[in-house]
Amino acid sequence: MNFTSKFIQAAFAISFSKVEEIKNNRIKELLEMKSKIKEDPVVVENWFDNEIDKISNVMENNSSSSTDIETLINKIK
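Keep in mind that this is a model prediction, so the values were computed, not measured. (Residues numbered from 1 in each chain as written. Predicted model: local features only at pLDDT ≥ 70, side-chain atom pairs only at ≥ 80, totals over all residues. Heavy atoms only, no water.)

Enquirer: How would you explain helix H2 (residues 41-57) if you had to name every residue and give the values?
Expert: In this model H2 runs 24 Å from its N-terminal to its C-terminal C-alpha over 17 residues, within 8% of the 24 Å that 1.5 Å per residue would give. Of the positions making up H2, those classed as buried are Val44, Trp47 and Glu51. The arc that holds every buried residue of H2, seen down its axis, measures 60°, which confines them to one face. Within H2, the exposed residues directed more than 90 degrees away from the buried face are Val42 and Glu45. Buried residues belonging to H2 abut helix H1 (3-35). (Helix = DSSP H or I, 4+ residues; strand = E, 2+ residues; numbered from the N terminus. Expected span 1.5 Å × (residues − 1). Buried < 20%, exposed > 50% of the residue type's maximum accessible area, 1.4 Å probe, protein only. Arc of directions from axis to C-beta. Contact = heavy atoms within 4.5 Å.)

Next comes the structure, spelled out in structure tokens:
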């Protein structure tokens, strides 16, 4: 196996663990919100509005070409 292949595999392993962590955190967050639907719908509605705003504004606030993918991911967490 050459150096480039090893490098790509190492980068993938690091990225995969970050994606796995983000996925698990998001699942936990969604389950917490799901549990609040009946007891406090206003909190849930406000949370959804906030999440929608975060996603909607990600690209609008990143007109710079130097923005990396990790920065974008952190903004939508």
